[in-house]
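Each chain, written out:
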Amino acid sequence: QFPFGRRLPCDIYWHGVSFHDSNIFSGQVNKFPGMTETVRKITLSRAMRTMRDLFPLEYNFYPRSWILPEELPLFVAEVRTMKDSNPSWKPTFIVKPDGGCQGDGIYLIKDPSDIRLTGSIQSRPAVVQEYICKPLLVDKLKFDIRLYVLLKSLEPLEIYIAKDGLSRFCTEPYQEPTLKNLHQVFMHLTNYSLNIHSGNFIHSASANTGSKRTFSSILCRLSSRGADVKKLWSDIISLVIKTIIALTPELKVYYQSDIPAGKPGPTCFQILGFDILLMKDLKPVLLEVNANPSMRIEHEQELSPGVFENVPSPVDEKVKVAVIRDTLRLVDPQKKKRKDTHCILFLRDSLLRAVSAFCIIWSMKDKQHKHHSLKLSLKLKFYLKLGLCQSPEQAPGASEAPPDAAPGPEAALPSLCLKQVFPKYARHFSYLRLVDRVAALFIRFLGVKGTTKLGPTGFRTFIRNCKLSNSNFSMAAVDILYIDITRRWNSMGIDHKESGMCLQAFVEAFFCLAQKKYKALPLHKQVLSLLELCECRLAALHGKRLVWGCG
């Protein structure tokens, strides 16, 4: 452990909370820059809303959300409209502080007027969401699922999901929300950190019982009741991939700011905690994403008043040790070196075979070449003796290892608990990555390396290079659009460290331009059409510059 950081190079840096060391120039870091900010409740809700605007059916797994205090009037108006159109609708909402964790500050309401309008709502913004009133119950208790997801790489995108997770249970039998039971946190909130303080919390050594169980035990139980567990897993994988796709644009902006392209720096990976709720019909609903999921494999047990000891938790150990172990196996730099060496040797062997075959054909074709062919074959045999290339018989894996050979480091380990889902299923989801392409344009025109906001000059250059201004949309109108959107986003309290247009504001401006240019199309086709136009014109401009450079 290096409490004050480490300056000597190493293969893997494992940071406790967030990426915060700007002096790392190589190796791999277990945190992405900006991940903590990207998965905060407000930022996540905005990202999911953007994706739902583009693809309403694909992003219906996240509850409808409003951001407080800025959207309080909108929240009040929309709830009133929905109640007027359907008088029998009796909704419940859940209020979550933006930076809250472990259930801190969460409460339920039945009406917008019940929001606690204290001074704290201004200093501590929150998200209010529709509460899922009909969750799946096990033993009459509400529960959620903590799934561990490894984001191994951002570019190219590579995602793994752990094959098992944790099911965290409430400690009081569930009833649908009423004014009488709204405040019963042990009934409605599944947070382990809250329920651990309940007198009904059960610590169990079994994965199938107690207040914390393995997700696989729940799946076995559902399967025995005839539930389609394969479809459930497929829906969960889809939810995870779509959520990561919604988060990557923001992450890429932070990444290029902390680790600019062309400069030495580490690569990143990160284990995320996805909190998922199952509805009665087994539809998974995303509750939140945790950038720093707890990896503790023990819990505190009170021996006497005020005296605690740490006791092992078999359920936590079974799931979390496998996740950490297999993450390290996947990012192991030595494994990559072994793989690269094997590839080089394989290429040498292929070259040897090709040249040998060429020598035979050449000598058969013309007797005059026989002498040269023999010389070439002798040279190859000489290289083999030197070890500069290997014969097929010497190649790794060409023959079985002797029975008494020592097993490799991987041989003693169980099979990987982490399953790759992207790029494995990329062809099913690539069409959703429109905002990723918008973010690429944003990053291209940032200009100054290390910044996360676009200045007015950068925005004008983007418009000019993509040839988006015309008689109906002058450069003066471009400036007005920039000022209006930037001012509004800055008034929301979005990162005042830098001045300029943030990514979310640029996305809004891009959508606005797409709607102006392609009025008859649905939004996702408008955005796609404008993206293709911009990318085509920028590619043509780049081609011209290359020609000018050559000239």
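Residues numbered from 1 in each chain as written. Predicted model: local features only at pLDDT ≥ 70, side-chain atom pairs only at ≥ 80, totals over all residues. Heavy atoms only, no water.

Enquirer: I would appreciate a short explanation of the overall build of the protein in the present structure.
Expert: Along its length, the protein carries 17 helices and 17 strands. Among the 551 residues that make up the protein, the fraction classed as buried is 45%. When contacts within the protein are restricted to residue pairs at least 6 apart in sequence, those whose partners lie at least 24 apart make up 65%. Carbon together with sulfur atoms contributes 58% to the accessible area of the protein, which is approximately 29400 Å² in total. (Helix = DSSP H or I, 4+ residues; strand = E, 2+ residues; numbered from the N terminus. Buried < 20%, exposed > 50% of the residue type's maximum accessible area, 1.4 Å probe, protein only. Contact = heavy atoms within 4.5 Å. Areas by Shrake-Rupley, 256 points an atom, 1.4 Å probe, with all protein chains shown as cover.)

Enquirer: What's the story with the confidence of the model for the protein in this structure? I'm lost.
Expert: The predicted coordinates ought not to be read in detail in places where the model reports low pLDDT. Put simply, the protein has an average pLDDT of 85, and 81% of its residues get 70 or more. Within the protein, no element has a lower average pLDDT than helix H11 (residues 370-386), which sits at 47, and none a higher one than strand E9 (residues 158-162), at 98. Between residues 378-405, whose pLDDT stays under 50, and residues either more than four places distant or in other chains, the model counts 27 contacts. (pLDDT = per-residue confidence, 0-100.)

Enquirer: How should I be thinking about the packing of helix H14 (residues 456-465) against helix H15 (residues 475-491) in this particular structure?
Expert: Interhelical geometry of H14 versus H15 gives an angle of 135° and a closest axis separation of 10 Å. Relative to H15, the element H14 is oriented oblique. Two packed elements cross with a definite hand, and for H14 against H15 that hand is right-handed. Only Met475, Val478, Asp479, Leu481 and Tyr482 of H15 make contact with H14, whose side of the interface consists of Pro456, Phe459, Arg460, Ile463 and Arg464. Per-class residue counts for the contact of H14 with H15 are seven nonpolar, no polar and three charged. (Axes fitted to C-alpha atoms, helices over the stretch in contact; angles between N-to-C directions. Parallel < 35°, antiparallel > 145°, perpendicular 65-115°, else oblique. Left-handed = near helix turned anticlockwise from the far one by under 90°. Nonpolar A, V, L, I, M, F, W, Y, C, P; charged D, E, K, R; others polar.)

Enquirer: What am I meant to see in the packing of aromatic side chains here?
Expert: Each pair of aromatic rings is reported with the distance of its centres and the angle of its planes. Tallied over the full model, the rule gives 19 aromatic pairs. Each ring, one from Phe32 and one from Tyr255, has its centre 6.1 Å from the other, and the planes form 50°; the classification is tilted. Of the two residues, Phe32 sits in the loop between strand E2 (28-29) and helix H1 (35-38) while Tyr255 sits in helix H8 (residues 229-258), which places them 223 residues apart along the sequence. Between the aromatic rings of Trp66 and Phe93, the centroid separation amounts to 6.1 Å while the plane-to-plane angle is 80°, which identifies the pairing as edge-to-face. Here Trp66, found in strand E3 (residues 65-68), pairs with Phe93, found in strand E4 (residues 93-97); they are 27 residues apart in sequence, far enough to count as distant. Grouping residues by exposure puts Trp66 and Phe93 together as buried. Among the aromatic residues, those joined into a ring-pair cluster are Phe442, Phe445, Phe459, Phe462, Tyr482, Phe506 and Phe510. Geometry around Tyr192 places Lys212 over its ring, the cationic atom sitting 3.8 Å from the centre. Above the face of the Phe169 ring, Arg213 is positioned so that its terminal group lies 4.1 Å from the ring centre. (Phe/Tyr/Trp six-rings, centres within 6.5 Å; stacked < 30°, edge-to-face > 60°. Lys NZ or Arg CZ within 6 Å of the ring centre and 35° of its normal.)

Enquirer: Explain helix H3 (residues 72-85) here, please?
Expert: Given 3.6 residues per turn, any residue in an α-helix points the same way as the ones three and four places further on. With 14 residues, H3 ought to run about 20 Å at 1.5 Å a step, and its terminal C-alpha atoms sit 20 Å apart, in line with that. The set of residues buried in H3 consists of Leu72, Phe75, Val79 and Met82. Viewed along the axis of H3, the buried residues span an arc of 95°, placing them on a single side of the element. Away from the buried face of H3 by more than 90 degrees, exposed residues Pro73, Thr81, Asp84 and Ser85 are located. Lining the buried residues of H3 we find E3, E4 and strand E6 (126-130). (Expected span 1.5 Å × (residues − 1). Arc of directions from axis to C-beta.)

Enquirer: Sorry, what's going on with the nonpolar core here?
Expert: The tendency in soluble globular proteins is for nonpolar side chains to be buried side by side. In this structure, Phe274, Phe459, Phe462, Phe506, Phe510 and Val527 are the most contacted members of the largest nonpolar core, which totals 96 residues. When residues of this core are assigned to their parent elements, the largest contribution, 14 residues, is made by H8. Beyond its immediate chain neighbours, meaning those up to four positions away, Phe274 contacts Ile145, Arg146, Leu147, Val149, Leu239, Val240, Thr243, Ile244, Leu286, Glu288 and Val289. (Core = buried A, V, L, I, M, F, W, Y, C linked by side-chain atoms within 4.5 Å.)

Enquirer: What is the right way to read helix H16 (residues 503-517) from this model?
Expert: Compared with an ideal rise of 1.5 Å per residue, which puts 15 residues at 21 Å, H16 spans 21 Å between its outermost C-alpha atoms and is within 8% of the ideal. Within H16 the residues assigned to the buried category are Leu503, Gln504, Ala505, Phe506, Val507, Ala509, Phe510, Phe511, Leu513 and Ala514.

Enquirer: Mind showing me how you'd approach unusual backbone geometry here?
Expert: Most peptide bonds are trans, and most residues other than glycine sit at a negative phi. With omega at 5°, the peptide bond leading from Glu155 into Pro156 counts as cis. Structurally, Pro156 can be placed in the loop between strand E8 (141-153) and E9. In this chain, Phe422 is followed by Pro423 through a cis amide linkage whose omega measures 15°. The topology assignment puts Pro423 in the loop between strand E17 (418-422) and helix H12 (426-429). Positive phi, close to 55°, is recorded for Asp139, a residue that is not glycine.

Enquirer: Where do I start with the state of the cysteines in this structure?
Expert: Defined simply, a disulfide is a covalent bond joining two cysteines at their sulfur atoms. Taken as a whole and assessed by the stated rule, the structure comprises zero disulfides. Unpaired in this structure, Cys466 has its nearest cysteine sulfur neighbour in Cys534, at a distance of 3.7 Å. (Disulfide = S-S within 2.5 Å.)

Enquirer: How should the environment of Ile463 be read in this particular structure?
Expert: Structurally, Ile463 can be placed in helix H14. Accessibility expressed as a relative area gives 0% for Ile463, which makes it buried. Separated by twelve residues in sequence, Ile463 and Met475 place their C-alpha atoms 8.4 Å apart.

Enquirer: What is the right way to read the side chain of Asn465 from this model?
Expert: Relative to the helices and strands, Asn465 is located in helix H14. Not counting the four nearest positions on each side in its chain, Asn465 is found in contact with Phe445, Arg537, Leu538, Leu541 and Arg545.

Enquirer: Would you take a moment to explain the sheet that holds E4 for this structure?
Expert: Think of a sheet as strands paired side by side through backbone hydrogen bonds, with each pair either parallel or antiparallel. With antiparallel pairing, the four strands of this open sheet are ordered in space as E3-E6-E4-E5. The sheet is open, and its two borders are formed by E3 and strand E5 (107-109), each paired with just one other strand. Along the sheet, successive strands turn relative to each other by an average axial angle of 25°, direction set aside. Here E3 runs beside E6; their pairing, made up of four bridges, is antiparallel. Bridge pairing in E6 places Ser65 opposite Gln129. In this fold helix H2 (residues 41-54) packs onto E3, E4 and E6, with an angle of close to 140° to the strand it touches most, E3. In the packing of H3 onto the sheet, contacts are made with E3, E4 and E6, and the angle to E3 comes to roughly 145°. (Pairing = 2+ DSSP bridges.)

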